[in-house]
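# A closer look at the structure
One letter stands for each residue in the lines below.
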Amino acid sequence: MRGGLLLSAGLVLAVTACQPLPASTSTGTGTGADAGTAGDGDGRGWRLPSVPGAVDYQLGAAYEPPADVTIVVRDSTAFPAEGRYSICYVNAFQTQPADRGQWLRSHPHAVLTDADGRPVVDPAWPDELVLDTSTEAARATIDSVLAETVERCAAAGFDAIELDNLDTWLRIEGLTMAGNLALAEQLIARSHDAGLAVAQKNAVELGAHGPGAGFDFAISEECAALQECAGYRAQYGELHIDVEYVDAMPTGVTFPELCAQQDAPQLMVLRDLLLTAPDDPGYVFERCQP
């Protein structure tokens, strides 16, 4: 989640969060026959996304992806996309809007507070509380609470998990890279134990600390527009998914021109900011051509 995304978009997404598909549409597994460049043959027990391929980022609504799409990202409350490599979105370093009250009632010590003892919110997403990764006790609580979500992703048949808001230490006072990485390592170990690959979300500033913590691949937002793609390529090679947003495109630059940049990942997609479904007037979907 980019802190620079429009506030209005954050408020709308909080209301129109990805809803589960009817149970009859799910097979209980998202993995297609050709998913995974490494598969289970290297002894790790989880699969990686295939490259080349095509990705769709469906956090605003779950829908049948275009026929040539091989990788789909959906919210943890949705079912995986049948026959595609499916990635489960988890807001791991902030709270989901609907869960705010539960965190404050049941796990207040895991919520970051300011000098006056007030819960800290993400300025760009004011309905989300920032989780406190600065102490071992808080990290243990966060890991324990998110265990249910990780298990749900695995049970539903997702192939991988995306841990969002990893970069809170860059945006919020009182957090450190070391604290966020420590929580990430706990969640990565839990996800790997459940048979899920794990994506680093944004935070190109991690450099080698990303794969060093155990992340298997990367998902970025606007790496081409922000000229950050080379940083992800240096750590993950082609195992890098990037989402560009039509409202954040550089002036005078087309999406095919972004795709043609030297370090642009093959798994790049252009989406509308609200990540809507095809029947919405604002829907945008375009991918880089092979």
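Structural notes, computed from the coordinates. (Residues numbered from 1 in each chain as written. Predicted model: local features only at pLDDT ≥ 70, side-chain atom pairs only at ≥ 80, totals over all residues. Heavy atoms only, no water.)

Pairs can form between side chains of opposite charge once their charged atoms are near each other. Here the structure, examined in full by the defined rule, presents 14 salt bridges. Close ionic contact of aspartate 164 with lysine 201 constitutes a salt bridge, the shortest N to O distance being 3.2 Å. With a gap of 37 residues between them, aspartate 164 in strand 6 (residues 160-164) and lysine 201 in strand 7 (residues 197-201) connect regions that are remote in the sequence. The buried category is assigned to aspartate 164, whose relative accessible area is 1%. The exposure class assigned to lysine 201 is buried, which follows from its relative accessible area of 1%. Here lysine 201 and glutamate 221 are joined by a salt bridge, their closest N and O atoms 4.0 Å apart. Separated by 20 residues along the polypeptide, lysine 201 in strand 7 and glutamate 221 in strand 8 (residues 217-221) bring together distant segments of the chain. (Salt bridge = Lys/Arg side-chain N within 4 Å of Asp/Glu carboxyl O. Helix = DSSP H or I, 4+ residues; strand = E, 2+ residues; numbered from the N terminus. Buried < 20%, exposed > 50% of the residue type's maximum accessible area, 1.4 Å probe, protein only.)

So, on to empty space enclosed by the protein. Enumeration according to the criterion identifies one cavity of 30 Å³ or more in this entry. One number sums up the size of the largest cavity: a volume of about 30 Å³. Along its surface, the largest cavity is lined by Gln200, Val204, Gly207, Gly231, Tyr232, Gln235 and Tyr236. The element best represented in the lining of the largest cavity is helix 7 (residues 229-236), accounting for four residues. Classifying every residue of the lining of the largest cavity gives three nonpolar, four polar and no charged. (1 Å grid on protein atoms, 1.4 Å probe; cavity = no way out; pocket = protein on both sides within 12 Å on 5 of 7 lines; lining within 4 Å. Points joined across faces, edges and corners; volume = space filled by probe spheres on them. Nonpolar A, V, L, I, M, F, W, Y, C, P; charged D, E, K, R; others polar.)

Shape descriptors only; they carry no functional weight alone.
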